[in-house]
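Structural characterization, general
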Amino acid sequence: MAEVEDRWLSVDEIGKYLGVSSDTVYRWIDKQGMPAHRLGRRWKFKKDELDAWVKAGGAAEPAPPKKLPKRSTQKITQE
């Protein structure tokens, strides 16, 4: 019997498909809004939803916050 093309994929399968670790997949679910569906204790994914999410920039890491210049604490004296 031929494998169904539109099947639900696991965290490990999605990690291999995207070339990332399982930890990254879980982080993206939590922080980046990766489209995932909880079935009991397991996360499942649809490949077409993931492809659309990646194309829309969903996997892009947010830019780190800009560091503000340090303020001087030296006391300015007049001579």
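We now turn to the structure provided with this report. Fair warning: this is a prediction, and the values are worked out from it, not measured in the lab.

A look at helix 1 (residues 11-18)
Among the residues making up helix 1, those that are buried are Val11, Ile14 and Gly15. The buried side chains of helix 1 occupy one side of the element, clustering within an arc of 100 degrees when seen end-on. On the buried face of helix 1, the contacting elements are helix 2 (22-32), strand 2 (42-44) and helix 3 (47-55).

Quick look at the nonpolar core
Leu9, Val11, Ile14, Val25, Trp28, Ile29, Met34, Phe45, Leu50, Trp53 and Ala59 together form the largest nonpolar core, which totals eleven residues. Secondary structure elements with two or more residues in this core: helix 1, helix 2 and helix 3. Top element by residues in this core is helix 2. It accounts for three residues.

Considering the pattern of salt bridges
Within the structure shown, the criterion is met by three salt bridges. Note that Asp6 is salt-bridged to Lys46, the shortest N-O span being 3.6 Å. Of this pair, Asp6 sits in the segment before helix 1 while Lys46 sits in the loop between strand 2 and helix 3, placing them 40 residues apart in sequence. Residue classification places Lys46 among the buried positions, given a relative accessible area of 13%. In this structure, the salt-bridge partner of Asp30 is Lys31, at a minimum N-O distance of 3.7 Å. The class for Asp30 is exposed, based on a relative accessible area of 58%. Classification of Lys31 as exposed rests on a relative accessible area of 62%.

Reading the values: the criteria
- Residues numbered from 1 in each chain as written.
- Predicted model: local features only at pLDDT ≥ 70, side-chain atom pairs only at ≥ 80, totals over all residues.
- Heavy atoms only, no water.
- Buried < 20%, exposed > 50% of the residue type's maximum accessible area, 1.4 Å probe, protein only.
- Helix = DSSP H or I, 4+ residues; strand = E, 2+ residues; numbered from the N terminus.
- Arc of directions from axis to C-beta.
- Contact = heavy atoms within 4.5 Å.
- Core = buried A, V, L, I, M, F, W, Y, C linked by side-chain atoms within 4.5 Å.
- Salt bridge = Lys/Arg side-chain N within 4 Å of Asp/Glu carboxyl O.

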